[in-house]
Amino acid sequence: MPSRSPASSASSASSASSASPSSPSAPSAPSLSSSPATPDVRARVVAELRAAGCVFAEDEAELILATAGTPTELAAMVDRRVTGLPLELVVGWAEFRGLRIAVEPGVFVPRRRTEFLVDQALAQVPDASVVVDLCCGSGAVGAALAAGLGQVELHAADIDPAAVRCARRNIGAVGGQVHEGDLFAALPGDLRGRIAILAANVPYVPTSEVGLLPAEARDHEPLVALDGGADGLDVLRRVAAEAPRWLAPGGCLLVETSERQATAALDAFTGSGLRARLAVSEELYANVVIGVGP
């Protein structure tokens, strides 16, 4: 089972000592019905996660143990994880730029590489007063931008009702509004010409490659958040084409893409009248196309 890095850093799980297997007094393997915090239970959780293929078994165990309120809940959470449910959905949150972002089944889990998009947006327009998180998913990007900017008018939108419900938990917590609908059609008309930061974490996986994604994404995240059309850029082109009419003077559009798609994405931006450039983070394997309006 492919494994993402755990939702946040955690210390390594402790190892429990045991008697020799040949000893008649050797204890049986600890049950998860024991107290969740004991070293024996921690070691059992790590062993179950590792056996299921979790690369970061020790760190994941720490997060699950810290989240489970009872032994019964612990056993259920471990079972969900070993059967392939993404860790973030098991614990109910993902860390994103220092924030705990609530996530729910059927909603795209924010990736750490997308933090680079937020960093670039804050560097480009550090005094932004109107921000839109388009294709918002959980609302992680919008929440992180609001945290970085302070007092801001924040809007987010997504076509998926499940994403909208989840985003309202995260965006609403910082005073933002979440709208349901297809791209710009979801936004209030009075935002036209006023947006300083337009962050659009659009789907960009080519249709033919969706089936090659790790099972955690392929089986548990909505297709609408992954499939970007034949070359992965269908939604990006739609956003770039309409963005200039919504951006404030000097406002910027930021979209994450892949390295191999970057040239075509830049062409879509410049073809729409945006002054475009590419920002790359080798550390996060992140590529963000930035387009500045007239």
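This text follows the structure it describes.
Peer 1: Would you take a moment to explain unusual backbone geometry for this structure?
Peer 2: Glycine aside, residues mostly have negative phi, and peptide bonds are mostly found in the trans state. Positive phi values are uncommon outside glycine, yet R97 reaches one of about 50°. With respect to the secondary-structure elements, R97 resides in the loop between strand 1 (93-96) and strand 2 (99-102). For C135, which is not glycine, the phi torsion reads 55° and is therefore positive. Inspection of the secondary structure puts C135 in the loop between strand 3 (130-134) and helix 6 (140-149).

Peer 1: I tried to follow the packing of helix 1 (residues 39-51) against helix 3 (residues 71-82) on my own but got confused; where do I start?
Peer 2: Each packed pair of helices is defined by two parameters, the angle between the axes and the distance between the axes. It is the contact of helix 1 with helix 3, at a shortest axis distance of 10 Å, that shows an interaxial angle of 20°. Classified by the angle their axes make, helix 1 and helix 3 are roughly parallel. For the pair helix 1 and helix 3, the crossing hand works out as right-handed. Along its contact with helix 1, which presents V41, V45, E48 and L49, the element helix 3 presents L74, V78, R81 and V82. Of the residues belonging to the contact of helix 1 with helix 3, the class tally is six nonpolar, no polar and two charged.

Peer 1: Whenever I open this one, the packing of helix 9 (residues 234-242) against helix 10 (residues 262-271) confuses me. Can you help?
Peer 2: Where helix 9 meets helix 10, the closest approach of the two axes is 8 Å, and the angle between their N-to-C directions is 25°. By the criterion of interaxial angle, the relationship of helix 9 to helix 10 is roughly parallel. Considering how the two elements wind past one another, helix 9 and helix 10 form a crossing that is right-handed. Listed contacts from helix 10 to L236, R237 and A240 of helix 9 are A265, A268 and F269. Considering only residue class, the contact of helix 9 with helix 10 consists of five nonpolar, no polar and one charged.

Peer 1: What is the right way to read the packing of aromatic side chains from this model?
Peer 2: To describe a pair of aromatic rings, you give the distance between the ring centres and the angle between the ring planes. Following the criterion strictly, the structure yields one aromatic pair and no others. Plain terms: the ring middles of F184 and W246 are 5.5 Å apart, the flat faces sit at 25° to each other, and that makes the pair stacked. Placement of the pair is F184 in the loop between strand 5 (177-180) and strand 6 (195-200) and W246 in the loop between helix 9 and strand 7 (247-257), with a sequence separation of 62 residues. Classification of F184 as buried rests on a relative accessible area of 2%. With a relative accessible area of 2%, W246 lands in the buried category.

Calculation criteria
Residues numbered from 1 in each chain as written. Predicted model: local features only at pLDDT ≥ 70, side-chain atom pairs only at ≥ 80, totals over all residues. Heavy atoms only, no water. Helix = DSSP H or I, 4+ residues; strand = E, 2+ residues; numbered from the N terminus. Axes fitted to C-alpha atoms, helices over the stretch in contact; angles between N-to-C directions. Parallel < 35°, antiparallel > 145°, perpendicular 65-115°, else oblique. Left-handed = near helix turned anticlockwise from the far one by under 90°. Contact = heavy atoms within 4.5 Å. Nonpolar A, V, L, I, M, F, W, Y, C, P; charged D, E, K, R; others polar. Phe/Tyr/Trp six-rings, centres within 6.5 Å; stacked < 30°, edge-to-face > 60°. Buried < 20%, exposed > 50% of the residue type's maximum accessible area, 1.4 Å probe, protein only.

Geometric values such as these leave the question of function open.
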